[in-house]
Amino acid sequence: WQYLQREGFLHDLTSSLKQLALAYTSLGEWEKGIQRARHWVSVDHLNENAQRTLIALYAQAGQTSAALHQFD
């Protein structure tokens, strides 16, 4: 039961972080969006969607070296 609860909470957290990251960037607040995406990656570092989102946000914010570093 606890495992299922934990997984449910983790899914809710990552979903919220994704939505926040995208919402901030749609408002042009790149740093806040990147912070939320970085938090999302730190919670679930094997999540390919999280990694791709963070790389894309770095690139869109003009931080190409950070995007390449994250890619590596």
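About the criteria used
- Residues numbered from 1 in each chain as written.
- Predicted model: local features only at pLDDT ≥ 70, side-chain atom pairs only at ≥ 80, totals over all residues.
- Heavy atoms only, no water.
- Helix = DSSP H or I, 4+ residues; strand = E, 2+ residues; numbered from the N terminus.
- Expected span 1.5 Å × (residues − 1).
- Contact = heavy atoms within 4.5 Å.
- Polar contact = N/O pair within 3.5 Å; in protein donor to acceptor, adjacent residues only side chain to side chain.
- Buried < 20%, exposed > 50% of the residue type's maximum accessible area, 1.4 Å probe, protein only.

Colleague: Can you tell me about helix α3 (residues 48–60), naming the residues and giving the values?
Modeller: For α3, spanning 13 residues, the distance from its first C-alpha to its last is 18 Å, which sits close to the expected 18 Å at 1.5 Å a residue. Packing partners of the buried residues in α3 comprise α1 (2–26), α2 (30–43) and α4 (64–71). One side-chain oxygen of the residue at the start of α3 lies 2.9 Å from the amide nitrogen of N49, identifying that residue as N47. Just downstream of α3, G62 is the residue with a positive phi angle, here 85 degrees.

Colleague: Report on α1, specifying residues and quantitative values.
Modeller: Relative to the 36 Å expected for 25 residues at 1.5 Å per residue, α1 spans 36 Å between its end C-alpha atoms, a close match to the ideal helical length. The set of residues buried in α1 consists of T14, L17, A21 and T25. If you follow the buried residues of α1, they end up packed against α2 and α3. Taken from the residues just after α1, G28 is the one with a positive phi, measuring 85 degrees.

This is a description of form; function is not addressed.
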